Amino acid sequence: MSHHRPIRPEDRHQFDTLIDARSPAEYAEDHIPGAINCPVLNDEERAIVGTIYVQQSAFEARRVGGAMVAANLAHHLRTHFADKPAHWRPLVYCWRGGMRSGSMVQWMRLVGWDAQQLAGGYKSFRRHVMTQIENLVPQLELRVLVGATGSAKTRVLQQLAGMGAQVLDLEHYARHKGSLLGALPGVPQPSQKNFETQIATALEALDLSRPVYVEGESARIGRLTVPVPLVQRLRAAACIEIEATPEERLAYLLRDYAYLGDDPDALAKRLGTLTELQGKEVVQRWQAWARAGELSALFAELMLLHYDPHYGRSQARNFTHWETRQRVVAPDLSPEGIASVAQAVLALE
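Keep in mind the model is a prediction, meaning the values are calculated, not measured.

S.K.: Would you explain the sheet that holds strand E10 (residues 238-243) in this entry?
M.R.: Spatially, 5 strands are ordered E6-E7-E5-E10-E11 in an open sheet, and the strand pairing comes out parallel. The open sheet has two edge strands, strand E6 (166-168) and strand E11 (326-329), and neither has a second partner. Here the strands of the sheet are splayed against their neighbours by 30° on average, with no regard to which way each runs. Two strands pair when backbone bridges link them, and E6 and strand E7 (residues 211-215) are joined in this way by 3 bridges, in the parallel orientation.

S.K.: Please explain unusual backbone geometry as it appears in this structure.
M.R.: If a residue is not glycine, its phi is most likely negative; likewise, a peptide bond is most likely trans. In this structure, Ala-152 is a non-glycine residue whose phi angle is positive, near 65°. Tracing the backbone through its elements, the reader meets Ala-152 in the loop between strand E5 (141-146) and helix H6 (153-162). Non-glycine residue Arg-175 carries a positive phi angle of around 55°. For Arg-175, a relative accessible area of 29% corresponds to the partly exposed category.

S.K.: How should I be thinking about the packing of aromatic side chains in this particular structure?
M.R.: For any pair of aromatic rings, the description rests on two quantities: the centre-to-centre distance and the angle between the ring planes. A full pass over the atoms with the stated rule returns 8 aromatic pairs. Consider the rings of Phe-81 and Trp-88, whose centres lie 5.4 Å apart with planes at 40°: the pair is tilted. Both residues of the pair, Phe-81 and Trp-88, belong to the buried class. Joined through ring pairs, the aromatic side chains of Phe-81, Trp-88 and Trp-113 make up one cluster. The ring of Tyr-122 carries the charged tip of Arg-22 above its face, separated from the ring centre by 4.5 Å. Directly above the aromatic system of Phe-319 lies the positively charged group of Arg-235, at a separation of 5.3 Å from the ring centroid.

S.K.: Teacher, can you tell me more about the sheet that holds strand E1 (residues 17-20) here?
M.R.: Pairing between the strands of a sheet is mediated by backbone hydrogen bonds and can be parallel or antiparallel. Taken in spatial order, the 4 strands make up an open sheet running E2-E1-E3-E4, and their pairing is parallel. This sheet does not close on itself; its edge strands, each paired only once, are strand E2 (36-37) and strand E4 (116-117). Where E1 meets strand E3 (residues 90-93), 4 bridges bridge the pair, whose relative direction is parallel. Counted as the bridge partner of Asp-20 is Tyr-93 from E3. Together, E1, E3 and E4 form the strand contacts of helix H4 (residues 99-111), whose direction differs from that of E3 by roughly 155°.

S.K.: In this structure, what is going on with the pairing of E3? I would like to understand it.
M.R.: Working note: regular strand, side chains alternate between the two faces of the sheet. Residue alternation in E3 divides its side chains into two sets, Pro-90 and Val-92 and Leu-91 and Tyr-93, and both sets are buried. Where E3 meets E4, 2 bridges bridge the pair, whose relative direction is parallel. Bridging from a neighbouring strand, Leu-91 pairs with Gln-116 of E4. With H4 bridging E3 and the parallel E4, this β-α-β connection has right-handed handedness.

S.K.: Even after reading the chapter, I still don't get the packing of helix H10 (residues 246-256) against helix H14 (residues 295-318), so can you show me in this structure?
M.R.: Working note: a packed helix pair is described by the angle between its axes plus the distance between those axes. Packing of H10 against H14 brings their axes to within 10 Å, and their N-to-C directions diverge by 125°. The angle between H10 and H14 places the two elements in the oblique class. The crossing of H10 and H14 is right-handed. Across the interface between the two elements, Pro-246, Arg-249, Leu-250, Leu-253 and Leu-254 of H10 pack against Leu-295, Ser-296, Phe-299, Ala-300, Met-303 and Asp-308 of H14.

Here is what the cut-offs are and how they apply
- Residues numbered from 1 in each chain as written.
- Predicted model: local features only at pLDDT ≥ 70, side-chain atom pairs only at ≥ 80, totals over all residues.
- Heavy atoms only, no water.
- Pairing = 2+ DSSP bridges.
- Helix = DSSP H or I, 4+ residues; strand = E, 2+ residues; numbered from the N terminus.
- Axes fitted to C-alpha atoms, helices over the stretch in contact; angles between N-to-C directions.
- Buried < 20%, exposed > 50% of the residue type's maximum accessible area, 1.4 Å probe, protein only.
- Phe/Tyr/Trp six-rings, centres within 6.5 Å; stacked < 30°, edge-to-face > 60°.
- Lys NZ or Arg CZ within 6 Å of the ring centre and 35° of its normal.
- Contact = heavy atoms within 4.5 Å.
- Right-handed = clockwise from strand over helix to strand, strands pointing away.
- Parallel < 35°, antiparallel > 145°, perpendicular 65-115°, else oblique.
- Left-handed = near helix turned anticlockwise from the far one by under 90°.

Next up, the structure:
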């Protein structure tokens, strides 16, 4: 048995298994990457114990909850932990390193495993996430990909990653394409906490001596907020603009957003949010095209009237080094053309 020193979030990689002892709902909102969920109280049980605590007493809550915890621990010992060898070393955490993870660790130690408890629980990991973002982001040597809507910035970023470059794919972490029509069908966005956890985890894996490529996002991606230190670093970083013709951008958008045609009514409803900006007559025309499946006409006018007129001004306003940006011409946004663009971006280093 090892000495039971306090275990910090940065020590978590030293263990064989990371166990989240919180309820499934807590786990779903956010959890330490790689952790498995073995709740000592499920969502319903946690609510029952909380109600008893408020309405009756702490003692009665512990008595009732203790029986539930014992039953759940017995289940985990018979199932999740049944094949673990004597030298297995799990790290267990709950909300703040209290009774839930403490109960599991105590039983594991009675079995003979060298189980340890994360000091401060998930709350300490949450502080670790925010500290990592605050400390690491200012050290990043960012290269920000910018370009008009439809210039395949995300695909270029993914191609760069495939070529071995370091990237931060914020839209992937956010499960959203970042634009008005960027929601992915059937794919909910993560919680704000989980979005930040993904960013911090990616940051920890980066070599800070090498460039990091990122797309020039706004401060919000769908309903999620990009951490302020990262927004500030993006705005002050060097820019690389991908320049493609309107015709090539339209063709790319029709491929990349083809799924919007699967739910014409949902598309029309989303377009309705532009009425104040574009006027009722224009938006009604767009909604009619959406319902008729006329995506080519719709996307062409969205580019012409909505996206392109504001592009240059917004970039100049948001990026300090916009005027000194480097440019990469993208005559072809097919998969092969995107690979060529990525190679041209890498050649700028």
